[in-house]
Amino acid sequence: MASSLPDWISAISQLAFLAIFLLMFLGVNQRLQVYMWRGDIKSKLAFLEWLAANARDRAKEYLAKNKGRRVDEVVERLSDFFLIQPVDIEPVDIIRRLDHLFNVRRLRVRGLLSDAMPEADAVTRSRAEVVLEIASALNFIYKIVRHLLRYGEKTKNWILLMQLQLLMPLIIRQAKTLYSAQEHFAQGLPVGDGAGPLVAYRLAGGSQWRSVEDETVAAEVELEGRRLIVVKAEGPGSSVGRPGAAVEKIVEDLAKSGVKPAMILTVDAALKLEGEDTGSIAEGVGAAIGDPGPEKIRFERVAAKYGIPLRALVIKMSEEEAITGMSKEIYQAVDKAVERVREIVASETQPGDTVIVAGIGNTSGIGQ
Amino acid sequence: MAGVAGNAVPDWVQSILLLASLGAIAYLMARQASEAARMAEQERVQAFTEIECGDGSRKTREFRSGDFVGGEAADCPGGRVVGIYTVKVEEEKAGRRGLIPVKRKSKS
């Protein structure tokens, strides 16, 4: 009997099905899957490498444009700069040790940039610092992914490769955000995290600012019959200042003259949950500051020492929006936050009281 | 007409199912290949500066290098920058291997 085409197709289908079934028993499907994951990771790794290399080139360009010296050497030195976390099994003075390490790091990086850009002003150098930090962060991300991929291949750890492949979209998204942020910081644009300092700027009106701490300023203004002391980092360079140390100093100085603040209110950007609107405002209790510990603990300690209510107001945004140019939604939310501050101060303090409002965040593009 | 060896499913249905499976696999592989191109797409933003003039009026213009909140603005008498914000423009599609950006018309 002559075979027809459908007979052949049917026979081939059944053979293929049998072969696939046997190969599955031998684990070939898993090896095929690992092969596909590796290919996917490698293509994304190439993109991460491109981002890291371009970020480094942009950093060199920024330094060269601002009459930097030994540009290549400075960028290469700072791209692998690291900080070793202090011992935490003995937590007794961990804050002091952490503060010390951050100070040393800050002074070292500034020292390198002062030597490399002697003719640049402080604002340009502060922007260079951030541009270099982002280049360093992208370099680190690229190296970590490359390490995990090679380690997974060497040890044939398919679970590690699977996890890495599943995480790659998130890693790529964060890397692209950092890459965009580098351009915005270099241009001197305010970023989403500058919402807190912008609220402080609005509250201060045209009041005179004075330096209180390293890269931190304060101004006094009358609000609803209360004496408002507004604190923020000194701009328009890219800095977060030392708001905790500044507020601690202000409270101690006030205590010496017999004045106890009626409230300390911190205003900061906060990460929104998926589904929440950018620019939505929420209030609560505690120190709204995202630092690793040294500044935040100063707010908490000084408030607890003198029994001062510690209130918080946050403007919600995504992680991407926080480090890239301030969006219109966040900009519009700043005015709403200023109104909310007025309401909180009016409803929770008495006329004649002294209130401290700290605008927490990066002051890139936000002066006094 | 019955299929080979009296199968309940006709042979032409099996052929179509096989072709559909192969088509689906080809589509998924092509989609994964195009993911590399989509990965390099970059969102662009346009920055604007808001200025408050001495008479209290406000105006908005494109951001210029050197603008900062609190800084003086020469756009009007007594002008001072009161705000700077960004607006997303239409996505910029990347060229081959995502290395060469190709600018598209931006929306205002």
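Our subject is the structure that appears above.
Model, not experiment: these values are computed from the prediction.

## Considerations on the overall build of chain B
Within chain B one finds one helix and six strands. Element order for chain B, N to C, with α for helix and β for strand: α-β-β-β-β-β-β. Out of the 108 residues belonging to chain B, those deemed buried represent 15%. A fraction of 45% describes how many contacts in chain B between residues 6 or more apart in sequence connect residues 24 or more apart.

## A closer look at the packing of helix 2 (residues 28-65) of chain A against helix 3 (residues 71-79) of chain A
All names here are of chain A. At a minimum axis separation of 9 Å, helix 2 and helix 3 run at an interaxial angle of 135 degrees. Relative to helix 3, helix 2 is oriented oblique. In this structure, helix 2 crosses over helix 3, and the sense of that crossing is right-handed. Between helix 2 and helix 3, the residues in contact are R56, A59, K60, L63 and A64 and V71, D72, V74, V75 and S79, respectively. Residues of the contact of helix 2 with helix 3, tallied by class, amount to six nonpolar, one polar and three charged.

## Things to note about the sheet that holds strand 1 (residues 45-52) of chain B
All names here are of chain B. Across the sheet, four strands lie side by side as 2-1-4-3; this open sheet has antiparallel pairing. Looking at the sheet topology across the chains shown, the edges are occupied by strand 2 (58-62) and strand 3 (72-73). Of the pairings in the sheet, the one linking strand 1 to strand 2 comprises five bridges and is antiparallel in character. Bridge pairing in strand 2 links I51 to K59.

Reading the values: rules and limits
- Residues numbered from 1 in each chain as written.
- Chains lettered and ligands numbered in written order.
- Predicted model: local features only at pLDDT ≥ 70, side-chain atom pairs only at ≥ 80, totals over all residues.
- Helix = DSSP H or I, 4+ residues; strand = E, 2+ residues; numbered from the N terminus.
- Buried ≥ 20, exposed ≤ 12 C-beta atoms within 10 Å, placed from the backbone.
- Contact = placed C-beta atoms within 7 Å.
- Axes fitted to C-alpha atoms, helices over the stretch in contact; angles between N-to-C directions.
- Parallel < 35°, antiparallel > 145°, perpendicular 65-115°, else oblique.
- Left-handed = near helix turned anticlockwise from the far one by under 90°.
- Nonpolar A, V, L, I, M, F, W, Y, C, P; charged D, E, K, R; others polar.
- Pairing = 2+ DSSP bridges.

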